[in-house]
Amino acid sequence: MTNRYVSEMVARAIAVSMLVLVWFSASAQEPGKNTKKVRYPGAVRPTKAPPPGPPGPVPRMPDGKPDLSGVWNAQRELPGDPEPDMLPWAAALTKQRTENYSADDPEARCVPGGVPRATPYHVQMVSTPKLILILFEGNIHTFRQIFLDRTEHLKIAQPLWYGDSIGHWEGDTLVVDTIGFNDKFWFDMAGHPHTTQLHVIERYHRRDYGNMDVEVTIIDPGAYTKPWVQHRVQILTPDADILEYVCNENNQDPGHLEGDTH
Amino acid sequence: MRKRLSNTLLPSVAVGAGLLLGVSPAWAQHGKNEGPAPRALDGKVDLSGVWTVSGSTDLPSDPAYLPAAKKLYEERKASGGKGDPEKQCLPNGVVRIEPLPYKIVQTPKLVVLLSEGNTHSYRRFFLDGRPHNLDLEPNTWNGNSIGHWEGDTLVVDTIGFNDKSWLDSTGKPHSEALHVIERYSRPDLNHLQIAYNLDDPQMFSQPYTFTRTFTRVIGRDLKEYFCAMNSFVGK
């Protein structure tokens, strides 16, 4: 755990530093640009896709559907997606969070990352005919359940970090529809916000053995003027395993914990 | 443990101790439909379902502790639970359980045990024939679990623990040498049994065995529970 944690945190720190430099230079070149479309450090789009995963046919379940099971690398965004169109308050909040170097990122407090935040850590997917699990290595070491045995959402009394996810197959694509979110998590390190109106649609397509295309559509009229579509890829890592990442074991913010403070 | 559950259900404490979402007081129900345990497609008993423990979550008695371990246990008891990992939102490990439900998701080569409470996390039992592998992580809260079927019983063998978790809420200690064998069986539709065999030659003078019975939870899946985070719960 330690090696991967350190290397990923170092990588994140380097990435943030570089992105901040890019952002400052971009800001200097484009003074007065409309803030609704400005690129924020954590939101700079990748310039190339990650190397492809191992080739081979798509594994299938006994019922013929693609088997999405496996240990996968973190989802990476692909180049080419435009910046989201935000309402002014959301753009201003993103800018503020970014300028504050993501210091208030809830994820750093060991709270759930929500949907559709991609973590730097591996995930394991477990396919069954009526339920698909996504097990997160980090941050935090928890899980999502995608229910394929119902077509209607539960009545959500209290908003959730991961919402209520129901899925169905369209051909070989798993379509996951999620609502019922709280507004506490960020979509990314840039701090893109949302409201409890958030509705996320994820389309998982295991293109071959080692590569999963993931299209994410973020619909939130409370924060975005139109749906924000992201194209991502998830690479199979058949020789890797998810590790036991325990965020609270190294929580630098223990004052928020109940244990020693009451 | 009963006391702790009722504490958790008090809203004022829930903000401090965790985010507990809408727990119904009647979530442990016996189904009207009695019957035998269902079978998975591969013919094995299907352990899948949502389960909650019947009776106490604490161990029924004390393991035969060696003197140093006994002393540590007495110190923890005398301190009133100070240093309880669970209170710091750290994992319970394998032996300590919560009164909140668990869910088993069974596939032929992997069984996943999801936990609503504690860290709202999971354990994985590998049934694909791999041996224990502690190369990457020699000492973890949940250890490394491999499983196999003996008839209708799933036998789960776990080693590779850290020594930080408590065996129950009273502070029963264990060392990194802890070796846990769990035998999962489903005697009928509505019941799950786990027979435990704990061995810890550094702390026990002999293995410790006990059995827990779980009741099927009907009409309710796991709810989203996350420990602590009170500063964010309030925002």
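Residues numbered from 1 in each chain as written. Chains lettered and ligands numbered in written order. Predicted model: local features only at pLDDT ≥ 70, side-chain atom pairs only at ≥ 80, totals over all residues.

## Some points on the nonpolar core
Stated formally: Each nonpolar core consists of buried Ala, Val, Leu, Ile, Met, Phe, Trp, Tyr and Cys residues. Their C-beta atoms, within 7 Å, join them into a set. We call a residue exposed when 12 or fewer other C-beta atoms sit within 10 Å of its C-beta, buried when the count reaches 20 or more, and partly exposed for counts in between; the C-beta positions come from the backbone. Secondary structure elements are defined from DSSP: runs of H or I of at least 4 residues count as helices, runs of E of at least 2 residues count as strands, and each element is numbered from the N terminus. By definition, residues are in contact whenever their C-beta atoms, placed on the basis of the backbone, come within 7 Å of each other.
Within the largest apolar cluster, 72 residues are counted, with the highest numbers of intra-cluster contacts made by M125(A), L133(A), L135(A) and V112(B). No other element matches strand β4 (residues 131-136) of chain A, which puts 5 residues into this core. Among all residues touching L135(A), those that are not within four sequence positions of it are V123(A), Q124(A), V126(A), F143(A), I242(A) and Y122(B). In this structure, F161(B), L178(B), L198(B) and Y208(B) belong to the second largest nonpolar core, which totals 9 residues.

## A closer look at helix α2 (residues 88-99) of chain A
What counts is decided by this rule: Multiplying 1.5 Å by the residue count of a helix minus one yields the expected span of that helix.
The first and last C-alpha atoms of α2(A) sit 16 Å apart over 12 residues, in line with the 16 Å expected at 1.5 Å per residue. Downstream of α2(A) by one or two residues, Y101(A) has phi in the positive range, about 55°.

## Considerations on the confidence of the model for chain A
This is how it is decided: Across the chain, each position has a pLDDT score giving the predictor's confidence in that residue, from 0 to 100.
Across chain A, the average pLDDT comes to 84, with 78% of residues at 70 or higher. Long-range and interchain partners of residues 15-38 of chain A, a stretch whose pLDDT sits below 50, account for 19 contacts in this model, where long-range means more than four residues apart.

## Some words on unusual backbone geometry
The peptide bond linking V115(A) to P116(A) adopts the cis configuration, its omega dihedral lying at 5°. Take P116(A): it is sitting in the loop between α2 and β3 (123-127). Even without a glycine there, the phi angle at C110(A) is positive, about 70°. Mapped onto the fold, C110(A) is located in the loop between α2 and β3. With 27 C-beta atoms counted inside 10 Å, the residue C110(A) sits in the buried group. For N118(B), which is not glycine, the phi torsion reads 55° and is therefore positive. Within the secondary structure, N118(B) is located in the loop between β4 (110-115) and β5 (122-126).

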